[in-house]
Structures are given as structure tokens and as C-alpha cells.
Amino acid sequence: MSEPATLELISDNISEEEVIFPHGDILSDEPPLESDLHRDQIDLLIRILKLWWRERQDFYASGNLTVYYSPNQKKSEYFRGPDFFVVLGTEKKDRKSWVVWQEDGKYPNVIVEILSSSTTVVDKGLKKQVYQDTFRTPDYFWFHPVTMELQGFHLVDGKYQEIQVTTDGRLWSQQLELYLGVYEGKLRFFTTENQLILSSEELAERERLRAEQAEERAQQAEQELARLREVLRTQGIDLENI
């Protein structure tokens with residue numbers, strides 16, 4: 001498993017006056033999302049992964065949140081806002097942003113960008129280069145919620161190599177140990193057995209349907225028993241006396 005790069009040390013020729021050491025959390029500085037499609041897709045990925053890994057305490061998953069990575073520890077320089085990202089081997093807690101120098105130099109292990117007409121060029125160009133050369137993020141994916149374009153890359157010897165699509169049209173994430181694929185127009189996670197990982201709403205709906213089916217079977221069984229009793233009664237057999 002590839003490991004993301006850690007934060008470089010501050011250069012010796014930078015004076016203490018030039019370095020800003022922020023105290024506490026730094027607020028995220030991301031612009032509003034472009035559409036409901038983008039917001040819903042990002043939220044779906046975050047909620048499903050957190051539910052799937054609900055017993056784990058060693059990861060952080062978020063989206064549309066600023067990642068600050070200035071080697072000078074300055075909020076105003078070197079920052080990016082991945083649409084969805086996961087950091088492994090870290091404390092599971094809420095954050096206002098991801099500040100690399102406050103997180104033991106850790107960068108995201110997985111990033112997914114949700115493409116749009118205004119971001120496609122940057123997501124496929126500049127951001128991809130930054131995630132490869134600076135973040136050293138092992139798994140990078142992009143997905144277009146309108147065209148359904150899905151592509152993924154894995155870091156090999158410092159360079160992104162395209163992830164081959166399975167016969168089911170899915171992409172394997174070595175970091176998550178899950179597949180990513182499109183289901184009903186949404187980017188979703190799948191297990192190693194190619195089973196769709198359900199959201200909390202889908203799990204609740206599945207349980208509701210199971211309860212309904214169980215109730216229907218019980219009613220059918222009761223009706224069948226009543227029918228048999230009636231058949232026996234017409235034959236002069238009283239079950240109460242047996």
C-alpha cells in the first residue's frame with residue numbers, strides 16, 4: 001500500500017517573523033457547491049463510508065473542505081479543496097478544515113473530484129498534478145454526475161497510473177479496499193464481492209420491506225390455517241376435540 005507524502009520541513013532561510021503558527025482549527029474557505037447534484041453526491045459518499053466504517057476510529061472522511069498544506073504554515077498559501085477525501089491512520093473527529101502541519105504531516109489517501117463544466121480542466125490538470133507531486137495521494141478519482149464519466153488513478157513510483165475498469169465498469173481503490181462504480185446515476189462504493197454498500201436510508205427501506213414481507217407471510221399462513229380448519233369442519237372433524 002502506497003503512503004502519502006508528509007509535510008516538508010520549514011526551510012532554514014525563513015525567519016521566525018515570516019512563519020505563522022496558527023492556534024487551533026483553521027476554518028475551511030471553500031466556495032458554495034455548484035449544484036444539488038454535487039452536494040448530494042459528496043454527502044452520499046461521506047455518509048456511506050462513515051456508516052460502513054462505523055466501528056473504525058482511525059480515519060477521517062470529509063468533502064468540500066479546505067486542505068491547507070503550506071510548508072511555511074500560512075493559511076494564505078498552498079491550499080486546495082477536494083470534493084471528497086479520506087485520510088487513513090488519523091483520529092476520527094470533527095474538524096473545521098484539514099491542516100497538514102497540525103495533522104502530523106498527513107495528506108489524503110484518497111481523493112474524489114466531482115466534475116463540472118467550470119472545474120473539469122483544473123480537476124484533470126492542475127489538481128491532478130498537485131495530488132500526484134505534492135500530496136502524493138495514492139488513489140485519485142474523478143466523476144461527472146451528468147455524463148457519468150468515471151476515471152481513477154493509482155500512484156506508482158511517484159506517477160499516476162490509470163486504474164483499469166472491471167467488466168462491471170468499476171474501479172478498485174487499494175486504499176479503501178473497495179470498488180467505486182456508478183449505480184442509479186450516483187457514484188457508489190461496492191465490496192470486494194461487488195455488493196453495493198447501502199446508505200442508512202436504503203438499509204431502513206430494506207428492513208421495512210423485510211418486515212412487510214414477514215407480515216404478509218404470517219397473514220398468508222394464518223389464512224391457510226383458517227382454510228384448512230374450515231375444510232376439516234365440513235368433514236365433521238373438530239380440531240378442538242382432537
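All figures in this text were calculated on a predicted structure; none of them were measured in a lab.

**Some details on helix α3 (residues 126–135)**
Then comes step 1: The set of residues buried in α3 consists of K127, V130, Y131, Q132 and F135.
Then comes step 2: Phi turns positive, to about 55°, at R136, one or two residues after α3.

**Description of the confidence of the model for the protein**
Then comes step 1: For the protein, per-residue confidence averages 85 on the pLDDT scale, and 83% of positions sit at 70 or higher.
Then comes step 2: Across residues 1–23, confidence stays below pLDDT 50; counting only partners more than four residues off in sequence or on other chains, it has 45 contacts.

**Looking at the pairing of strand β7 (residues 139–143)**
Looking down a regular strand, the side chains alternate between one sheet face and the other.
Then comes step 1: Buried residues dominate β7, accounting for five of its five residues.
Then comes step 2: Strand direction decides the pairing type here: strand β6 (residues 110–114) and β7, joined by five bridges, are parallel. Considered in β7, the bridge of E113 is made with W142.
Then comes step 3: Between β7 and the antiparallel strand that follows it, strand β8 (residues 150–156), lie six residues; M148 among them carries a positive phi value of about 70°.

**What about the sheet that holds β7?**
Then comes step 1: Taking strand neighbours across the sheet as the criterion, the six strands line up as β1-β4-β6-β7-β8-β9 in an open arrangement whose pairing is mixed. Because the sheet does not close on itself, it has two edges, and the strands there are β1 (59–62) and β9 (159–162). Here the strands of the sheet are splayed against their neighbours by 15° on average, with no regard to which way each runs.
Then comes step 2: Sheet topology places strand β4 (residues 84–88) next to β6; three bridges connect them, and they run antiparallel. Residue pairing for β6: F84 is matched across the bridge by V112.

**With respect to the environment of S173**
Then comes step 1: Assignment of secondary structure puts S173 in strand β10 (residues 171–173).
Then comes step 2: Beyond its immediate stretch of four places on either side in the chain, S173 contacts V110, D139, F141, L178 and L180.
Then comes step 3: A distance of 2.8 Å separates a polar atom in the side chain of S173 from a polar atom in the side chain of D139.

**Describing the sheet that holds strand β5 (residues 98–99)**
The strands making up a sheet are joined through hydrogen bonds of the backbone, oriented either antiparallel or parallel.
Then comes step 1: With mixed pairing, three strands are arranged side by side in an open sheet as β3-β2-β5. Strands with a single pairing partner mark the edges of an open sheet, and in this sheet they are β3 (79–80) and β5.
Then comes step 2: Pairing between strand β2 (residues 67–68) and β3: two bridges, direction antiparallel. Bridging from a neighbouring strand, Y68 pairs with F79 of β3.

**With respect to the nonpolar core**
Then comes step 1: If you look at the biggest cluster of nonpolar residues, it comprises 26 residues, and the most contacted ones within it are L49, F84, V86, V112, L176 and F189.
Then comes step 2: Going through the elements one at a time, α1 (36–52), β1, β4, β6, β7, β11 (178–183) and β12 (186–190) are the ones with two or more residues in this core.
Then comes step 3: Among the elements that take part in this core, α1 stands out by supplying six residues, more than any other.
Then comes step 4: Discounting residues that sit within four places of it in the chain, V86 has contacts with L49, W53, Y60, A61, P108, N109, V110 and L176.
Then comes step 5: Of all hydrophobic cores here, the second largest spans 19 residues; its members include W98, I111, F135 and F153.

Cut-offs used in this document
- Residues numbered from 1 in each chain as written.
- Predicted model: local features only at pLDDT ≥ 70, side-chain atom pairs only at ≥ 80, totals over all residues.
- Heavy atoms only, no water.
- Buried < 20%, exposed > 50% of the residue type's maximum accessible area, 1.4 Å probe, protein only.
- Helix = DSSP H or I, 4+ residues; strand = E, 2+ residues; numbered from the N terminus.
- pLDDT = per-residue confidence, 0-100.
- Contact = heavy atoms within 4.5 Å.
- Pairing = 2+ DSSP bridges.
- Axes fitted to C-alpha atoms, helices over the stretch in contact; angles between N-to-C directions.
- Polar contact = N/O pair within 3.5 Å; in protein donor to acceptor, adjacent residues only side chain to side chain.
- Core = buried A, V, L, I, M, F, W, Y, C linked by side-chain atoms within 4.5 Å.

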